[in-house]
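A structural walkthrough
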Amino acid sequence: MTILVTGGAGYIGSHTCVELLENGYDVVVADNLCNSKREALERVKRITGQNLCFYETDVRDEAKMDEIFQKHNVECVIHFAGLKAVGESVAKPLAYYDNNLNTTLTLCRVMQKHGVKRFVFSSSATVYSAGNPMPLTESSSTGGCSNPYGWTKYMCEQILRDAAAAASAATASEGWSVLLLRYFNPIGAHESGLIGEDPLGIPNNLLPYIAQTAVGRRDKLPVYGNDYNTPDGTGVRDYLHVVDLAKGHVAAVKRAVQSPCVEAINLGTGEGVSVLQMIEAFKRVSGAAIPYEIKDRRPGDLAVCWAEPSKAVQWLGWRAQKTLDDMCADTWRWQKQNPNGYPL
Ligand code: NAD
Ligand code: UD1
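Below, the structure is looked at part by part. (Residues numbered from 1 in each chain as written. Chains lettered and ligands numbered in written order. Predicted model: local features only at pLDDT ≥ 70, side-chain atom pairs only at ≥ 80, totals over all residues. Heavy atoms only, no water.)

**A short note on the nonpolar core**
Counting 45 residues, the largest nonpolar core has Leu181, Leu267 and Leu316 as the members making the most contacts within it. Tallying contributions element by element places helix α8 (residues 242-258) first for this core, with 8 residues. Excluding residues within four positions of it along the chain, Leu267 makes contact with Leu181, Arg182, Tyr183, Phe184, Leu240, Leu245, Ala312, Leu316 and Trp318. Counting residues in hydrophobic clusters, the runner-up holds 28 residues, among them Leu4, Ile68, Ala164 and Ala167. (Core = buried A, V, L, I, M, F, W, Y, C linked by side-chain atoms within 4.5 Å. Buried < 20%, exposed > 50% of the residue type's maximum accessible area, 1.4 Å probe, protein only. Helix = DSSP H or I, 4+ residues; strand = E, 2+ residues; numbered from the N terminus. Contact = heavy atoms within 4.5 Å.)

**Things to note about the site of ligand 2**
The full set close to ligand 2 counts 18 residues, and Leu206, Pro222, Arg237, Arg298 and Asp301 are the nearest of them. The side chain of Asn185 places a nitrogen or oxygen atom 2.9 Å from an oxygen atom of ligand 2. Between Asp301 and ligand 2, the recorded distance is 2.5 Å, taken from a side-chain N or O atom to an oxygen atom. A total of 740 Å² of accessible area belongs to ligand 2 in isolation, and the protein chains cover 87% of it. Residue assignment for the shell around ligand 2 shows that the elements contributing at least two residues are α7 (206-214) and β8 (221-224). The element contributing the most residues to the shell around ligand 2 is β8, with 4 residues. A class-by-class count of the residues in the shell around ligand 2 yields 9 nonpolar, 6 polar and 3 charged. (Near = heavy atom within 4 Å. Polar contact = N/O pair within 3.5 Å; in protein donor to acceptor, adjacent residues only side chain to side chain. Areas by Shrake-Rupley, 256 points an atom, 1.4 Å probe, with all protein chains shown as cover. Nonpolar A, V, L, I, M, F, W, Y, C, P; charged D, E, K, R; others polar.)

**Brief notes about the site of ligand 1**
Near ligand 1, the surroundings consist of 28 residues, among which Asp31, Asn35, Ser36, Asn99 and Tyr149 are the closest. Residue Tyr11 places a main-chain N or O atom 2.9 Å away from an oxygen atom belonging to ligand 1. Taken by itself ligand 1 offers 810 Å² of open surface, and the protein chains cover 95% of this. Sorting the residues of the shell around ligand 1 by element identifies α1 (11-22), α5 (93-114), β5 (118-124) and α6 (148-170) as the ones contributing at least two each. By residue number, the principal contributor to the shell around ligand 1 is β5, which donates 3 residues.

**Some remarks on the sheet that holds strand β14 (residues 304-305)**
Pairing is mixed in the open sheet, where 3 strands are placed in the order β12-β9-β14. Every other strand in the sheet has two partners, leaving β12 (273-274) and β14 as the edge strands with one partner each. Where strand β9 (residues 236-237) and β12 come together, 2 bridges link them in antiparallel fashion. Paired with Arg237 across the strands is Val273, a residue of β12. (Pairing = 2+ DSSP bridges.)

**Some thoughts on the packing of aromatic side chains**
The full count for this structure, using the stated rule, is 4 aromatic pairs. Geometrically, the ring pair formed by Phe282 and Trp332 is edge-to-face, given 5.9 Å between the ring centres and 80 degrees between the ring planes. A residue pair is termed long-range when its members are at least 10 positions apart, and Phe282 in helix α9 (residues 275-286) and Trp332 in helix α11 (residues 324-337) qualify at 50 residues. Relative accessible area serves as the criterion here: at 1%, Phe282 is assigned to the buried category. Over the aromatic face of Tyr228 sits the side chain of Arg297, whose NZ or CZ is 4.1 Å from the ring centroid. Over the ring of Trp315 we find Lys311; its NZ or CZ atom is 5.8 Å from the centre of that ring. (Phe/Tyr/Trp six-rings, centres within 6.5 Å; stacked < 30°, edge-to-face > 60°. Lys NZ or Arg CZ within 6 Å of the ring centre and 35° of its normal.)

**Considerations on the environment of His241**
Take His241: it is sitting in strand β10 (residues 239-241). Remark: the alpha-carbon pair of His241 and Ala164, spanning 77 residues in sequence, is separated by 30 Å. With near-sequence residues (within four places) excluded, His241 lies in contact with Ile187, Ala189, Lys322, Asp326, Met327 and Asp330. Looking at His241, its side chain comes within polar contact range of the side chain of Asp330, at 2.8 Å.

**A short note on α9**
For α9, with 12 residues, the first-to-last C-alpha span of 16 Å sits near the 16 Å given by 1.5 Å per residue. Those residues of α9 that sit buried are Val275, Met278, Ile279, Ala281, Phe282 and Ser286. Around the axis of α9, the buried residues are gathered within 165 degrees of arc, so they sit on the same side. At the exit of α9 stands Gly287, carrying a positive phi of roughly 75 degrees. (Expected span 1.5 Å × (residues − 1). Arc of directions from axis to C-beta.)

**Focus on unusual backbone geometry**
A cis amide bond, omega -5 degrees, links Met134 with the succeeding residue Pro135. With a phi angle near 60 degrees, Leu33 is a residue other than glycine that sits in the positive phi range. Relative to the assigned elements, Leu33 resides in the loop between β2 (26-31) and α2 (38-48). The exposure class assigned to Leu33 is buried, which follows from its relative accessible area of 18%.

Set out below in structure tokens:
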């Protein structure tokens, strides 16, 4: 079975390509490399000993996507391609709406044309409204997003629900399967240390910043606030290993193939970890020093955010397996082996 993976050269996409290939799927990647390097896909091939088909293209290029669907018998699409930096989305909202909405719309049109009915979408915990009680369930309230990036995910979820509903109403044949996977905080790397997260410039997210501090690329980790209403005053999140997350996509593909469904599903561990707990775990596992400095709160940050993960067990038969120590050890192996990320 052939799976089209948009954004397959990126952080989560490359790990998902590995899991798909190892589960016997044929993989076609469409990525314009705006936030990734071709080398990631070379390493996917090295890890798996298998080949995949790569198209360097913008997913908004409808003619090119049409050509890909003509050439390959795509049976399911996993749509990772998108822009994801929250701060940048505030500065460049139009670029974010254009990229994230139009990639999704283009894919829907091309899928409709070619009769492809299975769509697995990279959504995010960011679609949940602030003020929900924890843990977040799939029926917690959504919307009221604090930045354009979050709104693009919220809007894409709606576009996909509407497209699926229209397709089912219009045809007597089988309807669409749409799985809206709401990721919590993916971290870690493949255990080979060959692929991992390779952010451009100063990292926005906690784990890449910790890893770059541990390896000496950054002087000090800024800890954004220690006066939250949490056990140690620092922010609490639900971190999950990117390989677990990748396996969640394989489970989602299998579910999509079984029978039509339209479901939002949290992918998280259900465990909250604070910034200081993460620094401690990383220090213990790596043996490296991680100097840090308490700073003001980061605007837009929540005190706590973690998932109720049982719907994923029920619908996908998926549950996160890896521990916090695995997440730190694998991040550290990737960082040590690739102190400056992928070569150009
Ligand atoms: P990433 O930036 O590493 O990967 C995204 C990939 O999409 C990159 O390879 C980029 O080159 C490609 N891309 C972007 N726009 C494109 C376009 N128009 N056409 C073709 N390719 C394009 O990001 P990631 O962390 O792997 O995230 C993957 C998806 O998961 C994104 O949609 C992101 O919003 C979502 N997500 C990520 C996180 C996270 O913490 N990493 C959390 C929740 C949701
Ligand atoms: C961020 C995004 C969110 C996105 C998620 C994906 C913001 C406001 N939110 O969420 O939309 O879905 O990434 O992974 O950017 N921290 C530090 N020092 C740092 C970096 C982070 O103390 O240098 C703290 C943060 O304040 C937070 C925790 O670490 O408490 C996690 O931060 P981060 O990795 O950026 O993830 P989120 O804030 O959950």
